Amino acid sequence: MFVKYEFWQAHLDALHRNATPTFLVSAIFRPTQPFFRWFGAGHRRMLKAFTHLFVQDKGSKDLLQGIGIDPVTVSGDTRFDRVEQIVAENSTIPLAKAFRTASERSVLVAGSTWPADENLLLSALSRLPKPPRFPIAPHELDRAQLGIHRNASPGTVVLLDRART
């Protein structure tokens, strides 16, 4: 199983030689990519190694079918579709509700953030007269980075530390 932009020629060749079912999920394609250019024969060979490709949109499917890649299904973007499904199944999240009602301030949630994102958001929020409560769910957990943010803005920033859960 390969995801989105993972194209590893040697791996795909070996899997294809051994008739191993191979799938690409959440892929998205643009006409400017080498697959669709006059010099893209090697790239197209990688696509032909997949048993089936699951793409995010109809445009990607049309591009692939235009170069003879047919086992293609439009399945959407798994990241967004999964979040939408979770929201539909759970109209309220008790922890989020408790967090919101514990303060009169608004809440801004940031998920899968990187340190540069967090620094930019913290800087912008510090300029507001009444900053929102700001839970952060970092993309990667680094205890040193968690400590920096905990100390940067007490009372405003609450980090969701998945390492403890």
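In short, a report on the structure. (Residues numbered from 1 in each chain as written. Predicted model: local features only at pLDDT ≥ 70, side-chain atom pairs only at ≥ 80, totals over all residues. Heavy atoms only, no water.)

1. Focus: the nonpolar core
Soluble globular proteins tend to pack their nonpolar side chains together in the buried interior.
Phase 1: Phe7, Leu24, Phe29, Leu47, Phe50, Leu53 and Leu64 are the most contacted members of the largest nonpolar core, which has 17 residues in total.
Phase 2: Every element with two or more residues in this core is listed here: strand S2 (23–27), helix H2 (41–48) and strand S3 (52–55).
Phase 3: Those residues in contact with Leu47 that lie beyond four places of it in its chain are Phe7, Phe29, Phe35, Leu53, Leu64, Ile67 and Ile69.
Phase 4: Ala110, Leu122, Leu125 and Phe134 belong to the second largest nonpolar core, which has five residues in total. (Core = buried A, V, L, I, M, F, W, Y, C linked by side-chain atoms within 4.5 Å. Buried < 20%, exposed > 50% of the residue type's maximum accessible area, 1.4 Å probe, protein only. Helix = DSSP H or I, 4+ residues; strand = E, 2+ residues; numbered from the N terminus. Contact = heavy atoms within 4.5 Å.)

2. Observations concerning the sheet that holds S3
Phase 1: Spatial ordering of the open sheet is given by S1-S2-S3-S4, a layout of four strands whose pairing is parallel. At either margin of the open sheet sits one strand with a lone partner, and together these are strand S1 (2–3) and strand S4 (72–74).
Phase 2: The pairing of S3 with S4 spans three bridges and is parallel. When the sheet's bridge partners are listed, Phe54 is paired in S4 with Thr73. (Pairing = 2+ DSSP bridges.)

3. Overview of the packing of aromatic side chains
Phase 1: Evaluated as defined, the whole model comprises nine aromatic pairs.
Phase 2: With a centroid separation of 6.5 Å and 40 degrees between ring planes, the pair formed by Phe23 and Phe54 is classed as tilted. One end of the pair, Phe23, is in strand S2; the other, Phe54, is in strand S3, and 31 residues separate them in sequence.
Phase 3: Pairwise contacts between aromatic rings join Phe2, Phe7, Phe29, Phe35, Phe36 and Phe50 into one cluster. (Phe/Tyr/Trp six-rings, centres within 6.5 Å; stacked < 30°, edge-to-face > 60°.)

4. Remarks on the environment of Pro115
Phase 1: With respect to the helices, strands and loops of the structure, Pro115 is situated in helix H6 (residues 115–126).
Phase 2: Separated by 25 residues in sequence, Pro115 and Glu140 have C-alpha atoms that sit 9.2 Å apart.

5. Re the pairing of S2
Side-chain positions along a regular strand alternate between the two faces of the sheet.
Phase 1: With four of five residues buried, S2 lies mostly within the body of the structure.
Phase 2: Of the strand pairs in this sheet, S1 and S2 are connected by two bridges, and their pairing is parallel. Bridge pairing in S2 places Val3 opposite Val25.
Phase 3: For S2 and S3, the ladder comprises three bridges, and the chain directions are parallel. When the bridges of S3 are listed, Leu24 appears paired with Leu53.
Phase 4: Each parallel crossover has a hand, and the one from S2 via H2 to S3 is right-handed. (Right-handed = clockwise from strand over helix to strand, strands pointing away.)

6. Quick look at the packing of helix H1 (residues 9–17) against H2
Phase 1: The geometry of H1 relative to H2 is characterised by a closest axis approach of 9 Å and an angle of 45 degrees between their N-to-C directions. The orientation of H1 with respect to H2, classified from their angle, is oblique. Seen along the crossing, H1 lies across H2 with a hand that is left-handed. On H2, the residues that touch Gln9, Leu12, Asp13 and His16 of H1 are Gly42, Arg45, Met46 and Lys48. (Axes fitted to C-alpha atoms, helices over the stretch in contact; angles between N-to-C directions. Parallel < 35°, antiparallel > 145°, perpendicular 65-115°, else oblique. Left-handed = near helix turned anticlockwise from the far one by under 90°.)

7. Things to note about the pairing of strand S6 (residues 134–138)
Phase 1: Across the five residues of S6, five count as buried, placing the element largely inside the fold.
Phase 2: Burial along S6 is two-sided: Phe134, Ile136 and Pro138 facing one way and Pro135 and Ala137 facing the other are all buried.
Phase 3: Sheet topology note: the strand S5 (residues 110–113)/S6 ladder contains three bridges and is parallel. Following the sheet pairing, Ala110 is matched in S6 by Ile136.
Phase 4: For the crossover that starts at S5, traverses H6 and ends in the parallel S6, the hand is right-handed.

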